[in-house]
Amino acid sequence: MLDAKIPSGPLDSKWTDYKGHCKLVNPANKRKLEVIVVGTGLAGASAAAAMGELGYKVKAFCFQDSPRRAHSIAAQGGINAAKNYQNDGDSVFRLFYDTIKGGDYRARESNVHRLAEVSANIIDQCVAQGVPFAREYGGMLSNRSFGGTQVQRTFYAAGQTGQQLLIGAYQALERQVALGNVKMYARHEMLDVVMIDGKARGIIARNLVNGELERHFGHAVLLCSGGYGNVFYLSTNAMGSNVTAAWKAHVKGAAFANPCFTQIHPTCIPVSGDHQSKLTLMSESLRNDGRIWVPKKQGDNRSPVDIKEEERDYYLERRYPAFGNLVPRDVASRAAKERCDAGYGVGTSKQAVYLDYADAIVRYGKIEIGKQGRENVSEEEIIKLGKEVVKEKYGNLFDMYAKITGENPYEVPMRIYPAVHYTMGGLWVDYELQTTLPGVYALGEANFSDHGANRLGASALMQGLADGYFVIPYTIGNYLADEIYNKPVSIEHPAFKEAEQAVSDRINTLMNIKGSQTVESFHKRLGKIMWDKCGMARNEAGLKEAIQEIQALKKEFWSDVKIPGEINEMNPELDKAGRVADFIELGELMCKDALNRNESCGGHFREESQTPEGEALRDDANFMYVAAWEYKADSEWELHKEPLVYDVVKPSQRSYK
Amino acid sequence: MTWKQVFTSSVGKKLTMGFTGIFLILFLVIHAGLNACIWANDGGEMFNAGAHFMGSNWVPRILEIGLFAGLLLHIIQGLMLEMSNRSKRATGYAVAYGNGGSKWYSRSMGLLGTIILLFLVLHLSDFWYPNRSSQGFLLGEEINLFTKMQQEFSELWVVIVYVLGCISLGYHLAHGFQSAFRTVGVHNKRYNLMLMTLGYAYSIVIPLAFAMMPVSMYLGWVH
Amino acid sequence: MEHQNINLSLKVWRQKNSNSKGAFETYKVNNISTEMSFLEMFDVMNEELITEGKDPVTFDHDCREGICGACSMYINGKPHGPWEANTTCQLHMRAFKDGETIVVEPWRANAFPVIKDLMVDRSAFDRIIQAGGYISVNTGNAVDGNSMPIEKDKADASFAAAMCIGCGACVAACKNSSAMLFLSAKVSHLALLPQGDPERSTRVINMVAQMDKEGFGACTNTGACEATCPKEISITNIARLNQEYLLASFTADK
């Protein structure tokens, strides 16, 4: 079932060879080919824009009120590219190698190498579009470092890189809308893929404003619908982020790969109470200058400023001297959990560690004094100048922290705790980004392909734009070249009617349950099961329990959910109900996948598989594969394995010590 | 882009307001400067000489046409903009934003302008109209404007109306001065700061000078 | 941070759809932790409304971290509520006192028709961008990113304008319902960069024309937009737009 279609030949020339030999569609024919893009984040907006530029007829869908609001906008830190502007030894190979290693050897070499190859083009493209990246005084692009690497290859725009990149892609998209190449459908949600004779021929979408179902034809369907972190209820994802589009394709036959690979980001603002609706990330770039610590004494309730230097445990620096506070996300997250579980946590909940800027403030203050050539300067003056530098670099993040917690992070260390942030798993795709459903493609976070079991910081933006701007415009031609013989199918075709009927039936069923519990309450319960049993650490017993609990929850949901309002009106509760129903099914599959993968790798930590020091222990002999799950029936999946072959990189135990 | 497109767009209409506003600001300097001659206390000799030049020379008389054109443009465009802007929010707010985000007078330019307009009707019918009609609207014999001023400003209510008119003018200028320059595109920080200071100074000094004229006459400081 | 629980009255605008007439309704919300965000307080209220069999209040929201620009509540007479440089989602209940009545309205402007309750249609902003808020460069045409050095101050100023989140608070705050702050932020973002130079004249002319067509008012420089902008976009951008427009119109060929 799984043919990854990896081109033959040496790794570094696969993509060049592929581009030189893939089929092309001539411009006159492109006008006749219709492509549906679902989701308008970095992957979706860039794909829609790039294909519009090529001359395809594109229809783009997003559930938000404008494509500019897709959740890519919230990415803070930056975007990697193998530009080697810093002359610090970076190269395409290094970026490729770091990504494979960071992913704990569970990603496909060919895809990752291609990603590293096009990374430099992304920066050029974005600069040409007018993305205002940070610059040096000489006018050159500035770089910062990020976790899991030893070079400075991250391009950024203050703490709003995702926003700037998305606005760039959004503008390119709106330009195509103005030129008539793309038709935009905002406040629309895709609710099914329409398959005719084994190929995708369109989608059923719901207009969220009036609740009407619409049929849309397309020669191909691109799912750029993002990740599924909201299965945990609390995550750093936007409230609307959901798995529905991907899940509908999965139910129609697209295999779902490595669903259990979720990334828990180490630097988030801790949960403050039961009312919490989402978690807020503090950019990983904070770890560049901040030091993470807990008290050496268990249950130490003193204020952090009263705890002396020698009474603090800078546990990342202690455990991982080579990378220190800049270890990859999975390692940093687990280390924080380990300290908190051992009773060293801080704050009222004891589920937090300190991220301290006191040292950085003094260090920067001294640099400033040095620049000014002053001597005999008071400690206060140094701190004052240091704070100004820190404000310049991280001001917006500090402000955000202050707003949410009511504390001043310039004076007291910030409290942070890991939170669900990104999902490496997703729809299985081949080298061309096509899923196992012919004509259905998955791009960006919605697919599984590039990050293995753990994603490095500043790589998500890179992947989304790589897929959209530089990969899909080539690979989709290889498919559409054969589609020029196929005229658009009428949306009166029985397959469209059938699909619409099924969607309509499901909505009616949901509305008619008229139970007593709110959608939100089910979502919260699902999230709790997932976080407790399929979160940062997993074990066989817990996962088995979780599967049973989720199945029971599903039953309860379908018999007792309460949805207010009508179908044919703006009804956010109904929209959410459909999404939560899909999350429940996904949750079960995630636990199944986690149960199957009896090894620890990247973000997936099985307690049964660890080194004596408590580090993740991979089992390459038994699990060096992509687990692609094929939907068979309700709660029934078949596992297909795509073996991972490493021709260039030799997998080793990841060490950041 | 045609001229019509330029001056019927929202930004173009504002350009009209800005340019005519700056023109009127310049006029006020001349007006105030000339009228300040009453304080020479020479029985109005210097003042009347100035007024005579303005009324009897072709150059200022032609400029006067331009002044009226600019004034009319400023008034008509201003009133039309005010009406159009008001129509853009059919349902209003229950709780107004108020002074938290902007100065009251910056939001009341239409109202202040209308008060100034009413004042102008009075002002022109007091001085300009009697004088020009005595001239036959050409370059004929002028009336003694200094004496006319003394007559007009012997009535307390006239003085009060003039002072109120000048206060309205002050607030109108407090926003209008700097706004006009922003509207015509001055965006450099260094000039904006300068213009803001200058604008506040101007909107105090000029209306104060005007207001002091009827007051001085009423109180007999001028003779 | 010390937290406490407070009780509040909420006077919320309810409107079934764009065709119906709306009205205020008052709700009591009790035991609200001051650590909650404003939208979490709405979540709590909506959960109660649903349980009581009533229709929950519809409002736009998504990222809840102040960057997507979806949230759009006019709270006690100010877009996004009492805090400076803040979005509704980042407003926390610490800002309110026990027993207070909070009035919540949707953005009001003819160009932003109400869809339901507190949710409005801001697609006019997308159409303004379509009119020219981009640099016309197709994918794959770009030269090396460092081939064109850009003065740091200019790049920073461009970024400061590009930070706009398109929430529409500027329109909501403006007495003229003008979209000039939004528009000028985009014009400035692109005009400050050398890449945006070739299209600067057509861009500003077309975008202004589209803004007028959408039914936004003209700018009278009151500064209410700047005071309410969650990203502190400066009205200096409006002056810059005016200059761009002036140059574009006076140097036009025809």
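Residues numbered from 1 in each chain as written. Chains lettered and ligands numbered in written order. Predicted model: local features only at pLDDT ≥ 70, side-chain atom pairs only at ≥ 80, totals over all residues. Heavy atoms only, no water.

### Focus on the overall build of chain C
Stage number 1. The helix and strand tally for chain C stands at 8 helices and 7 strands.
Stage number 2. Taken along the three principal axes of its C-alpha coordinates, chain C extends 65 × 45 × 35 Å.
Stage number 3. In chain C, 69% of the contacts between residues at least 6 apart in sequence involve partners at least 24 apart.
Stage number 4. Accessible surface for chain C amounts to roughly 8500 Å². Of this, 48% is attributable to carbon and sulfur atoms. (Helix = DSSP H or I, 4+ residues; strand = E, 2+ residues; numbered from the N terminus. Contact = heavy atoms within 4.5 Å. Areas by Shrake-Rupley, 256 points an atom, 1.4 Å probe, with all protein chains shown as cover.)

### Let's talk about the sheet that holds strand 16 (residues 426-427) of chain A
Either a parallel or an antiparallel arrangement is found when strands of a sheet pair, and the pairing is made through backbone hydrogen bonds.
Residue and element names in this part refer to chain A.
Stage number 1. Taken in spatial order, the 4 strands make up an open sheet running 16-10-20-21, and their pairing is antiparallel. Edge positions in the sheet fall to strand 16 and strand 21 (636-643), since each has one partner strand and no second.
Stage number 2. Note: strand 10 (residues 256-257) against strand 16, 2 bridges, orientation antiparallel. Paired with Phe 256 across the strands is Leu 427, a residue of strand 16.
Stage number 3. Packing of helix 7 (residues 244-252) onto the sheet brings it into contact with strand 10, strand 16, strand 20 (625-633) and strand 21, and relative to strand 20 it is tilted by some 75 degrees.
Stage number 4. Lying over the sheet, helix 17 (residues 572-596) contacts strand 10, strand 20 and strand 21, oriented at roughly 140 degrees with respect to strand 20. (Pairing = 2+ DSSP bridges. Axes fitted to C-alpha atoms, helices over the stretch in contact; angles between N-to-C directions.)

### Quick word on the sheet that holds strand 5 (residues 101-106) of chain C
All names here are of chain C.
Stage number 1. Read across the open sheet, the 5 strands follow the order 2-1-5-3-4; overall the sheet is mixed. Strand pairing shows two members of the sheet lacking a second neighbour, strand 2 (23-33) and strand 4 (78-79), which therefore form its edges.
Stage number 2. Direction of pairing for strand 1 (residues 5-14) relative to strand 2: antiparallel, over a ladder of 9 bridges. Across the sheet, Ile 6 pairs through a bridge with Ile 32, a residue of strand 2.

### Section: the packing of helix 3 (residues 45-56) of chain B against helix 7 (residues 145-152) of chain B
Residue and element names in this part refer to chain B.
Stage number 1. Across the interface, helix 3 lies against helix 7 with an axial gap of 8 Å and an inter-helix angle of 115 degrees. Relative to helix 7, the element helix 3 is oriented roughly perpendicular. Between helix 3, through Phe 47, Asn 48 and Ala 51, and helix 7, the contact on the second element is made entirely by Leu 145, Phe 146 and Met 149.
Stage number 2. Tallied by class, residues from the contact of helix 3 with helix 7 come to 5 nonpolar, 1 polar and no charged. (Parallel < 35°, antiparallel > 145°, perpendicular 65-115°, else oblique. Nonpolar A, V, L, I, M, F, W, Y, C, P; charged D, E, K, R; others polar.)

### As for the UniProt feature "domain: FAD-dependent oxidoreductase 2 FAD-binding" (unreviewed entry) in chain A
Stage number 1. The residues that UniProt annotates with the feature "domain: FAD-dependent oxidoreductase 2 FAD-binding" (unreviewed entry) are residues 35-461 of chain A.
Stage number 2. Strand forms 19% of residues 35-461 of chain A and helix 33%; the C-alpha atoms that close the span are 23 Å apart. (UniProt positions renumbered as here; feature names shortened; annotations may be inferred.)

### Overview of the interface of chain C and chain B
Stage number 1. The partner chain B presents 39 residues to the 50 residues of chain C that form the contact.
Stage number 2. Counting each side, the surface lost to burial between chain C and chain B is near 3600 Å², with a carbon and sulfur contribution of 57%.
Stage number 3. Summed over the shared surface of chain C and chain B, the result is 1 salt bridge.
Stage number 4. Glu 82 of chain B is paired through a salt bridge with Lys 175 of chain C; the nearest N and O atoms lie 4.0 Å apart.
Stage number 5. Connecting chain C to chain B are 24 residue pairs in polar contact (both at pLDDT 80 or more).
Stage number 6. Listing elements by their share of the side of chain C that touches chain B, those giving two or more residues are strand 4, strand 5, helix 4 (169-173), helix 6 (200-214), helix 7 (224-228) and helix 8 (236-250) of chain C.
Stage number 7. No other element matches helix 8 of chain C, which puts 10 residues into the side of chain C that touches chain B.
Stage number 8. Class assignment for the residues of the side of chain C that touches chain B results in 27 nonpolar, 16 polar and 7 charged. (Buried area = accessible area lost by both parts, 1.4 Å probe. Salt bridge = Lys/Arg side-chain N within 4 Å of Asp/Glu carboxyl O. Polar contact = N/O pair within 3.5 Å; in protein donor to acceptor, adjacent residues only side chain to side chain.)

### Considerations on the interface of chain A and chain C
Stage number 1. Taken together, the contact pairs 76 residues of chain A with 74 residues of chain C.
Stage number 2. Where chain A abuts chain C, roughly 6100 Å² becomes buried across the two surfaces, and 51% of that area is made up of carbon and sulfur atoms.
Stage number 3. Inspection of the region where chain A meets chain C yields 6 salt bridges.
Stage number 4. Counting every contact that joins chain A to chain C gives 40 residue pairs in polar contact (both at pLDDT 80 or more).
Stage number 5. Take the side of chain A that touches chain C: its biggest share by element is 10 residues, from helix 6 (residues 161-178) of chain A.
Stage number 6. Of the residues contributing to the side of chain A that touches chain C, the split by class is 31 nonpolar, 27 polar and 18 charged.

### Concerning the UniProt feature "active site" (unreviewed entry) in chain A
Residue and element names in this part refer to chain A.
Stage number 1. Under the UniProt annotation, the feature "active site" (unreviewed entry) is placed at Arg 329.
Stage number 2. Looking at the element boundaries, Arg 329 is found in helix 10 (residues 329-344).
Stage number 3. The exposure class of Arg 329 is buried, given its relative accessible area of 5%. (Buried < 20%, exposed > 50% of the residue type's maximum accessible area, 1.4 Å probe, protein only.)

### A look at the packing of aromatic side chains
Stage number 1. Inspection of every chain in the model, using the stated rule, returns 49 aromatic pairs over all chains.
Stage number 2. Summarising the aromatic geometry, the rings of Trp 3 of chain B and Phe 7 of chain B are spaced 6.2 Å apart at their centres and angled 20 degrees between planes, so their arrangement reads as stacked. Of this pair, Trp 3 of chain B and Phe 7 of chain B both sit in helix 1 (residues 3-8), 4 residues apart, roughly one helical turn.
Stage number 3. Note on Phe 7 of chain B: relative accessible area 31%, which makes it partly exposed.
Stage number 4. A ring pair is formed by Tyr 93 of chain B and Tyr 74 of chain C, whose centres lie 3.5 Å apart and whose planes are at 5 degrees; its orientation type is stacked. (Phe/Tyr/Trp six-rings, centres within 6.5 Å; stacked < 30°, edge-to-face > 60°.)

### Describing empty space enclosed by the protein
Stage number 1. Going through the model one piece at a time under the given rule, you end up with 12 cavities of 30 Å³ or more.
Stage number 2. The space that makes up the second largest cavity amounts to roughly 710 Å³.
Stage number 3. Lining the second largest cavity are 36 residues, and of these Met 239, Pro 572, Lys 576 and Arg 579 of chain A together with His 61 of chain C lie nearest its centre.
Stage number 4. Of all the elements in the fold, those that place two or more residues in the lining of the second largest cavity are helix 15 (519-533) and helix 17 of chain A together with helix 1 (38-51) of chain C.
Stage number 5. The biggest single contributor to the lining of the second largest cavity is helix 17 of chain A, with 7 residues.
Stage number 6. Class assignment for the residues of the lining of the second largest cavity results in 14 nonpolar, 9 polar and 13 charged. (1 Å grid on protein atoms, 1.4 Å probe; cavity = no way out; pocket = protein on both sides within 12 Å on 5 of 7 lines; lining within 4 Å. Points joined across faces, edges and corners; volume = space filled by probe spheres on them.)

### Here's the deal with the pattern of salt bridges
Stage number 1. Per the stated rule, a full pass over the model turns up 81 salt bridges over all chains.
Stage number 2. Between Arg 215 of chain A and Glu 492 of chain A there is a salt bridge, and its shortest N-O distance comes to 3.6 Å. Remark: Glu 492 of chain A occurs in the loop between helix 13 (460-480) and helix 14 (494-513) and Arg 215 of chain A occurs in strand 8 (residues 213-217); sequence separation between them is 277 residues.
Stage number 3. We note a salt bridge from Glu 569 of chain A to Lys 116 of chain C, for which the minimum N-O separation is 3.7 Å. Within this pair, whereas Glu 569 of chain A is found in the loop between strand 19 (561-562) and helix 17, its partner Lys 116 of chain C is found in strand 6 (residues 114-116), the two belonging to separate chains.
Stage number 4. On the basis of relative accessibility, which here comes to 10%, the residue Glu 569 of chain A falls in the buried class.
Stage number 5. Taking the relative accessible area as the measure of exposure, Lys 116 of chain C reaches 3% and is therefore buried.

### Some thoughts on the arrangement of the chains
Stage number 1. Ranked by contact count, the leading pair among the 2 pairs of chains in contact consists of chains A and C.
Stage number 2. At the level of C-alpha atoms, the two units chain A and chain B stay apart, their nearest approach being 20 Å.

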